[in-house]
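Each chain, written out:
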Amino acid sequence: MGVPGWFSRGRTESERFDDAINASPGQRPDEFAEELAVVGALRELGQAGDPDPATRARIRAEIEGRIGEPLPRRRWRPRMADLAAAGIALILGLGGLTLLLSRDALPGDALYSVKRAGEVTSLGLTFGDEAKAEKHLKFATNRVTELGRMNDASPAAYQTALHDFSSDVRAGVAELTELATTSGNRTRLTSLESWAQSRARELESEQPDVPASAREDFEQVRLLLDRVQQRTTALGSRLSCYQITTGTTDELGLLPADGACTQQPLSPGGSTPSSPPPVAPTAPSTDSPLPIRSVSVPTVSSPGMPTPTPTSTEVPHTATPPSVPPPITAPTPPRIPTRPAPPPVVSIPPLLPGLPPIVIG
């Protein structure tokens, strides 16, 4: 089959040597006598090297005598730190498993309180007012979804779900309306109104399954959603007013102002000034007739000529200019008094030789 002869011969010898080793002493062939003797000696040497129990006890006694005290037998004893670490790991593992199993819990189940505790923890680990408000609305949406899965639940379970829904709605709406009115963001109010309308429609479809003892709580939740829609509409209509809110709050946040909507004054660079410009005084119109004053002109008579009767010439009367108040002068800073000039220095020559001159001043 194409196998070289030297390979087949070597393989045949290896197989015959293996059969000779495993064979009993009386059936071993003489072909591998020397090799089998070496193998037997190695086996006896390995068995002779293992100390017997008496030898082991003697060696141990000699070692203990040299040390002076018996060798302690080490036994593993758990430390307090190991026990504490194991306990913490066990608690965390059980807590994570319980939280995982409580994700599908419904109001009235044993794990529903664990689910709510996980939501509170998630809310505490959320940063930012807007992100926290969105979390509250997400939890409220989960409560409405759970109402659709509560088949044949007790009235207390329905009341728990409705109460948790109302709590999350109040917290989320109060936070979002404050952010919207502070920044003037109309989109937030529109989104909040759409969310309230969607939840109202979902609750309307779940109304037939609500027990009679929980109908009052159900109606309170519907009224709450109606108030949310009214609040967002009122605040959105006053975003362009100077006064948006009254500054007071209730369970849904800031209250919208009730007065007239006064537009916010524009900045000095705007197109419309905040106050009307002053009206400049106008001069009297020249088209109106002016009063006429008559002036008599004397005439000189000559002999032989009839004396003409004096005639009157009409002279126009000049209009009196309007009186303009004097301009208001700008206030001037107080004047700092100046120091008077020093008196002149008068020097008198010495009266007697050798004396210094007399200087006055």
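Anyway, here's the lowdown on the structure attached to this text.

Reading guide: rules and limits
- Residues numbered from 1 in each chain as written.
- Predicted model: local features only at pLDDT ≥ 70, side-chain atom pairs only at ≥ 80, totals over all residues.
- Heavy atoms only, no water.
- Helix = DSSP H or I, 4+ residues; strand = E, 2+ residues; numbered from the N terminus.
- Buried < 20%, exposed > 50% of the residue type's maximum accessible area, 1.4 Å probe, protein only.
- Contact = heavy atoms within 4.5 Å.
- Areas by Shrake-Rupley, 256 points an atom, 1.4 Å probe, with all protein chains shown as cover.
- Expected span 1.5 Å × (residues − 1).
- Arc of directions from axis to C-beta.
- Polar contact = N/O pair within 3.5 Å; in protein donor to acceptor, adjacent residues only side chain to side chain.
- Patch = residues over 30% accessible without salt bridge, like charges linked within 9 Å, V, L, I, M, F, W, Y side chains within 5 Å.
- Salt bridge = Lys/Arg side-chain N within 4 Å of Asp/Glu carboxyl O.
- Core = buried A, V, L, I, M, F, W, Y, C linked by side-chain atoms within 4.5 Å.
- Axes fitted to C-alpha atoms, helices over the stretch in contact; angles between N-to-C directions.
- Parallel < 35°, antiparallel > 145°, perpendicular 65-115°, else oblique.
- Left-handed = near helix turned anticlockwise from the far one by under 90°.
- Nonpolar A, V, L, I, M, F, W, Y, C, P; charged D, E, K, R; others polar.

### Quick look at the overall build of the protein
Then comes step 1: Looking only at helices and strands, the protein features nine helices and six strands.
Then comes step 2: The buried share of the protein, taken over its 361 residues, is 20%.
Then comes step 3: For the protein, long-range pairs separated by at least 24 residues make up 47% of all intrachain contacts whose partners lie at least 6 apart in sequence.
Then comes step 4: Accessible surface computed for the protein: about 27,400 Å², of which carbon and sulfur atoms make up 60%.

### Observations regarding helix α8 (residues 186–206)
Then comes step 1: Taking 1.5 Å as the rise per residue, α8 with 21 residues should run 30 Å; its terminal C-alpha atoms sit 31 Å apart, in good agreement.
Then comes step 2: Along α8, the positions that sit buried rather than exposed are Leu 189, Leu 192, Trp 195, Ala 196, Arg 199, Leu 203 and Glu 206. Buried residues of α8 fall within an arc of 120° about the axis and therefore sit on the same side. Of the exposed residues in α8, the ones pointing more than 90 degrees away from its buried face are Thr 187 and Arg 201.
Then comes step 3: At the N-terminal boundary of α8, the capping side chain belongs to Asn 185, with an oxygen 3.0 Å from the backbone nitrogen of Thr 187.

### Considerations on a nonpolar patch on the surface
Then comes step 1: Taken together, Ile 59, Ile 63 and Ile 67 make up a surface patch of nonpolar side chains, about 250 Å² in accessible area.
Then comes step 2: Relative to the helices and strands, Ile 63 is located in helix α3 (residues 53–67).

### Brief notes about the nonpolar core
Then comes step 1: Leu 147, Met 150, Phe 165, Val 169, Trp 195, Leu 203 and Val 228 are the most contacted members of the largest nonpolar core, which has 27 residues in total.
Then comes step 2: With eight residues, helix α7 (residues 155–183) is the single largest residue contributor to this core.
Then comes step 3: If near-sequence neighbours (up to four positions away) are discounted, Phe 165 is found in contact with Ala 140, Arg 143, Val 144, Trp 195, Arg 199, Leu 203, Val 221 and Leu 225.
Then comes step 4: One finds Ala 180, Leu 189, Leu 239 and Ile 244 within the second-largest nonpolar core, a separate group that totals five residues.

### Quick look at the side chain of Thr 232
Then comes step 1: Relative to the helices and strands, Thr 232 is located in helix α9 (residues 215–237).
Then comes step 2: On the accessibility criterion, Thr 232 (2% relative accessible area) is buried.
Then comes step 3: For Thr 232, the residues in contact, after removing those within four places along its chain, are Leu 189, Leu 192 and Glu 193.

### Comments concerning the packing of α8 against α9
Then comes step 1: Contact geometry of α8 with α9 gives a least axis separation of 9 Å together with a crossing angle of 160°. Considering their axes alone, α8 and α9 lie roughly antiparallel with respect to each other. Here α8 and α9 pass one another in a crossing that is left-handed. Touching Arg 186, Leu 189, Leu 192, Glu 193, Trp 195, Ala 196, Gln 197, Arg 199, Ala 200, Leu 203 and Glu 204 of α8 are Phe 218, Val 221, Arg 222, Leu 225, Val 228, Gln 229, Thr 232, Thr 233, Leu 235, Gly 236 and Ser 237, all from α9.
Then comes step 2: Looking at the contact of α8 with α9 residue by residue, the class counts come to eleven nonpolar, six polar and five charged.

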